[in-house]
Amino acid sequence: LQAPIAVIYRGLKVNPDFQAIMAARFRTHFYRGGALSDDVVMKLFLDLRSEVLNAVGNMLTRVPSFWIPGRRENVEKHLFDKGFVEFMDFPEEEAPTPQMLPGIEIDLPNPNPNLIPDPLIDANDLLEYLKQEKATSPPASFVRRSWSDENWVRYDYSVNLGDLSLVSADFDLDGSVDLGCVNNDYGLISIFRNTGNGIFSQPVQTTGPLGSESLAAVDLDQDQTPDLVIASRIAFRQFLTSFKNNGDGAFTEISSIPINRTEETEINFPASMTLKDMDGDGDADVVIGHHSSIKNVLGRPPTNMVSVYENDGGGNLSHAQTIFGGSAELLSRRSIAVEDFDGDSDPDIVVSDGDVTLLSIENLGNLTFGEPVRLPTGGLQRYYSIVALDIEGDQDMDILASARANPTIDVYVNDGAGLLAPDRSFRINATLPETLLVDDFDSDSSPDFIANIFSPLFLNPKGGFDVYINDGSGGFASSETFYTASQDPLPRSLVSGDFDGGGDTDFAALDRYNGVLSVFLNQVVPQPRSADLNLDNRIDFLDLLEIEKVWGVVTSP
């Protein structure tokens with residue numbers, strides 16, 4: 001083209017000053033809360049969706065799931081091809097402001113005016129307890145008890161837009177399970193320290209890599225403390241960064257290396273990440289499943305890939321293997337499972353192939369792997385979340401797979417030698433399940449699971465979870481459905497742990513697009529509580545509201 005504007009552009013695009021301006025403009029708009037960042041665009045879409053309903057076919061599912069993540073990747077690719085992003089820098093800036101909690105009243109019963117305190121209660125101890133509780137409690141703007149029933153209590157926490165990839169571990173080594181996440185826009189690592197009773201304090205923050213996509217916690221250097229690994233990508237520059245735990249909720253970077261990229265893999269971004277000892281040397285290595293929304297000139301997505309990184313025992317990571325197979329189009333952060341499926345003590349890999357089934361990759365030892373084997377199809381859906389569990393109690397690991405656009409969860413049963421095949425007799429009916437989380441939620445030593453519900457996220461103002469309880473023989477039934485606080489909730493990151501020290505399993509859900517962390521404390525199996533807090537043989541505190549529910553009106557003897 002010889003038009004004046006084309007001639008001017010060809011001259012400008014090779015000018016370093018112009019390239020730096022373009023890179024800075026991209027940085028301003030697409031990161032750190034800019035007008036075109038994923039989280040800001042999603043929030044705007046949710047606010048305006050009722051006004052533009054049906055303006056585009058399948059808008060409510062296509063825009064959040066494909067268009068919002070895809071548009072940034074395509075802009076990045078164009079700038080990368082033209083050489084602009086090499087001039088991008090990211091100066092230090094202030095941290096984002098946490099979101100306000102939704103305006104929902106605490107769901108507690110009104111006290112009965114006829115309640116009379118028991119004279120055996122030590123009033124001085126009670127006043128001291130309340131004084132200390134007030135002094136140590138987080139501010140109401142950060143945490144609020146928002147809902148409860150006979151089985152669960154939910155606390156909501158105000159966090160940042162863009163906080164994602166929730167993890168749980170005892171980061172400060174005080175015996176209580178803490179929570180952690182990382183912010184995509186700002187690269188901040190946030191550790192929410194558990195006060196010991198399932199209530200979390202405001203986060204301790206460490207600067208991490210901008211464009212963080214996936215966070216995992218494990219002891220990397222064998223010092224008995226959980227460390228962190230982050231997979232990040234920004235403008236086609238992808239990194240794997242490891243952090244050492246300082247013991248107080250803060251972390252120090254160990255190493256940061258580029259994620260392996262070739263002509264075949266440059267548009268495959270890190271999505272799913274899990275940490276396992278892949279080479280049997282006693283330390284955790286890294287396995288990454290990749291995805292992309294960019295298609296080639298023929299309109300096809302890139303080839304899927306799984307990459308494996310070796311840990312040297314001190315947290316320094318190096319690339320070991322890349323395994324190709326299937327399609328990488330828009331796989332989720334839950335699309336890979338790493339367990340010993342064939343019983344040879346080496347963790348194997350099962351990953352969604354991006355199409356309608358799964359790929360099984362056998363670990364041959366010494367960080368070598370067999371060719372991906374396509375498993376028999378369980379249906380005509382692209383799996384969004386896959387998790388491993390022993391569904392039959394026969395000591396080998398099976399697979400649950402959900403597609404979020406299909407009202408069933410497929411079960412792939414292991415024959416004991418690592419061959420996984422869908423078994424329709426175990427298929428589980430569900431309400432459009434998206435993310436799956438496996439744990440023992442009713443304390444009967446059988447694995448249960450939670451599925452968050454995809455459909456209401458866009459079709460109704462609800463974000464629900466179904467709890468599926470194992471009957472002990474591999475059958476599951478939904479025991480309860482409950483919800484988070486936001487008007488348009490998108491709680492896709494789930495973790496579990498005994499947060500309140502009650503001996504049962506609680507869980508937490510993180511909503512990056514509304515800035516809400518919801519913690520569900522398990523009351524399914526009631527736990528006895530001591531009323532003598534200072535061991536002076538006097539009752540220090542009674543929950544009079546709970547007594548009223550059980551006994552009715554309480555009077556002194």
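Conventions we followed
Residues numbered from 1 in each chain as written. Predicted model: local features only at pLDDT ≥ 70, side-chain atom pairs only at ≥ 80, totals over all residues. Heavy atoms only, no water. Helix = DSSP H or I, 4+ residues; strand = E, 2+ residues; numbered from the N terminus. Buried < 20%, exposed > 50% of the residue type's maximum accessible area, 1.4 Å probe, protein only. Contact = heavy atoms within 4.5 Å. Areas by Shrake-Rupley, 256 points an atom, 1.4 Å probe, with all protein chains shown as cover. Pairing = 2+ DSSP bridges. Core = buried A, V, L, I, M, F, W, Y, C linked by side-chain atoms within 4.5 Å. Phe/Tyr/Trp six-rings, centres within 6.5 Å; stacked < 30°, edge-to-face > 60°. Lys NZ or Arg CZ within 6 Å of the ring centre and 35° of its normal. pLDDT = per-residue confidence, 0-100. Axes fitted to C-alpha atoms, helices over the stretch in contact; angles between N-to-C directions. Lys, Arg positive; Asp, Glu negative; His and termini not counted. Salt bridge = Lys/Arg side-chain N within 4 Å of Asp/Glu carboxyl O. Expected span 1.5 Å × (residues − 1). Polar contact = N/O pair within 3.5 Å; in protein donor to acceptor, adjacent residues only side chain to side chain.

## Observations concerning the overall build of the protein
Phase 1 of the analysis: The helix and strand tally for the protein stands at 7 helices and 32 strands.
Phase 2 of the analysis: A buried classification covers 53% of the 557 residues belonging to the protein.
Phase 3 of the analysis: In the protein, 54% of the contacts between residues at least 6 apart in sequence involve partners at least 24 apart.
Phase 4 of the analysis: Surface summary for the protein: the accessible area is close to 24,500 Å², and the carbon and sulfur share equals 53%.

## So, the pairing of strand β26 (residues 433-439)
Phase 1 of the analysis: With respect to burial, β26 is a largely interior element, 5 of its 7 residues being buried.
Phase 2 of the analysis: Note: β26 against strand β27 (residues 448-453), 5 bridges, orientation antiparallel. Opposite D439, over in β27, you have D448 as the bridge partner.

## With respect to the sheet that holds strand β15 (residues 336-339)
Phase 1 of the analysis: Pairing within the open sheet is antiparallel, and its 4 strands lie in the order β15-β16-β17-β20. Of all strands in the sheet, those with a lone pairing partner are β15 and β20 (373-374), marking the two edges.
Phase 2 of the analysis: Bridging between strand β17 (residues 358-361) and β20 involves 2 bridges; their strand directions are antiparallel. Pairing of S360 across the sheet is with V373, part of β20.

## Comments concerning the nonpolar core
Phase 1 of the analysis: By size, the foremost hydrophobic cluster in this structure holds 19 residues, and its most contacted members are Y157, L166, L179, F192, A508, L517 and V519.
Phase 2 of the analysis: Mapped by element, the contributors of at least two residues to this core are β2 (152-158), β4 (178-183), β31 (506-511) and β32 (516-522).
Phase 3 of the analysis: Setting aside residues no more than four positions away along its own chain, L166 makes contact with L179, G180, C181, S493, V495, A508, A509, L510 and L517.
Phase 4 of the analysis: Residues F426, I428, L436 and Y468 belong to the second largest nonpolar core, which totals 15 residues.

## Let's talk about unusual backbone geometry
Phase 1 of the analysis: Here the phi dihedral of Q224 falls at roughly 70°; this positive angle occurs in a residue that is not glycine.
Phase 2 of the analysis: Mapped onto the secondary structure, Q224 falls in the loop between β7 (212-218) and β8 (227-234).
Phase 3 of the analysis: Given the relative accessible area of 67%, Q224 is considered exposed.
Phase 4 of the analysis: One non-glycine residue, S443, lies in the positive phi region at around 55°.
Phase 5 of the analysis: Looking at the secondary structure, you find S443 in the loop between β26 and β27.

## Overview of the packing of aromatic side chains
Phase 1 of the analysis: With the rule as written, the count across this model stands at 16 aromatic pairs.
Phase 2 of the analysis: Seen in terms of ring centroids, W152 and F441 are 6.4 Å apart; in terms of plane orientation they differ by 55°. Their pairing is tilted. In this pair, W152 is assigned in strand β2 and F441 in the loop between β26 and β27, connecting sequence segments 289 residues apart.
Phase 3 of the analysis: Given the relative accessible area of 2%, W152 is considered buried.
Phase 4 of the analysis: Directly above the aromatic system of F269 lies the positively charged group of R233, at a separation of 4.1 Å from the ring centroid.

## Quick word on the confidence of the model for the protein
Phase 1 of the analysis: Within the protein, residue pLDDT values average 79, and 74% of them lie at 70 or more.
Phase 2 of the analysis: Confidence over residues 104-121 falls short of pLDDT 50; this stretch has 32 contacts with residues more than four positions distant or in other chains.

## Considerations on the sheet that holds β7
Note: strands within a sheet are paired through backbone hydrogen bonds, in either parallel or antiparallel orientation.
Phase 1 of the analysis: Across the sheet, which stays open at both edges, the 4 strands sit in the order β7-β8-β9-β10 with antiparallel pairing between neighbours. Where the open sheet ends on each side, the last strands, each with one partner, are β7 and β10 (251-258). Averaged over neighbouring strand pairs, the angle between their axes works out to 20° when direction is ignored.
Phase 2 of the analysis: Pairing geometry for strand β9 (residues 237-245) and β10, over 7 bridges, is antiparallel. In the strand pairing of β10, S242 is matched with S255.

## Brief notes about the side chain of D342
Phase 1 of the analysis: With respect to the helices, strands and loops of the structure, D342 is situated in the loop between β15 and β16 (348-352).
Phase 2 of the analysis: K276 is the oppositely charged side chain nearest to the buried, salt-bridge-free D342, at an N-O distance of 13 Å.
Phase 3 of the analysis: D342 has contacts with D348, E362, G416, A417 and G418, leaving out every residue within four places of it along the chain.

## A closer look at the pairing of strand β30 (residues 493-497)
Phase 1 of the analysis: Along β30, 5 of the 5 residues are buried, which leaves the element largely enclosed by surrounding structure.
Phase 2 of the analysis: Residue alternation in β30 divides its side chains into two sets, S493, V495 and G497 and L494 and S496, and both sets are buried.
Phase 3 of the analysis: Here β30 runs beside β31; their pairing, made up of 5 bridges, is antiparallel. If you follow V495 over to β31, its bridge partner there is A508.

## Focus on the pattern of salt bridges
Phase 1 of the analysis: Scanning all chains against the criterion turns up 9 salt bridges.
Phase 2 of the analysis: Close ionic contact of D39 with R512 constitutes a salt bridge, the shortest N to O distance being 2.8 Å. Taken together, the residues span a long stretch of sequence, with D39 in helix α3 (residues 38-48) and R512 in the loop between β31 and β32 at a distance of 473 residues. The two residues D39 and R512 agree in class, both being buried.
Phase 3 of the analysis: One salt bridge connects K244 with D221, and the closest N-O pair in it is separated by 2.7 Å. Here K244 is found in strand β9, whereas its partner D221 is found in the loop between β7 and β8, with 23 residues between them in sequence.
Phase 4 of the analysis: Members of the salt-bridge network, linked through shared partners, are D221, D223 and K244.

## Examining the side chain of T322
Phase 1 of the analysis: One can find T322 in strand β14 (residues 317-327).
Phase 2 of the analysis: If we skip the residues at most four places from it in the chain, T322 touches N260, M305, V306 and S307.

## A few points about helix α2 (residues 16-30)
Phase 1 of the analysis: With 15 residues, α2 extends 21 Å from end C-alpha to end C-alpha; this agrees with the ideal 21 Å at 1.5 Å per step.
Phase 2 of the analysis: In this structure N15 caps α2, since a side-chain oxygen of it lies 2.8 Å from the backbone nitrogen of D17.
Phase 3 of the analysis: Positive backbone phi, at 50°, marks R32, one or two positions downstream of α2.

## Digging into the environment of L275
Phase 1 of the analysis: Looking at the secondary structure, you find L275 in strand β11 (residues 269-276).
Phase 2 of the analysis: Between the C-alpha atom of L275 and that of V338, which follows or precedes it by 63 residues, the distance is 8.4 Å.

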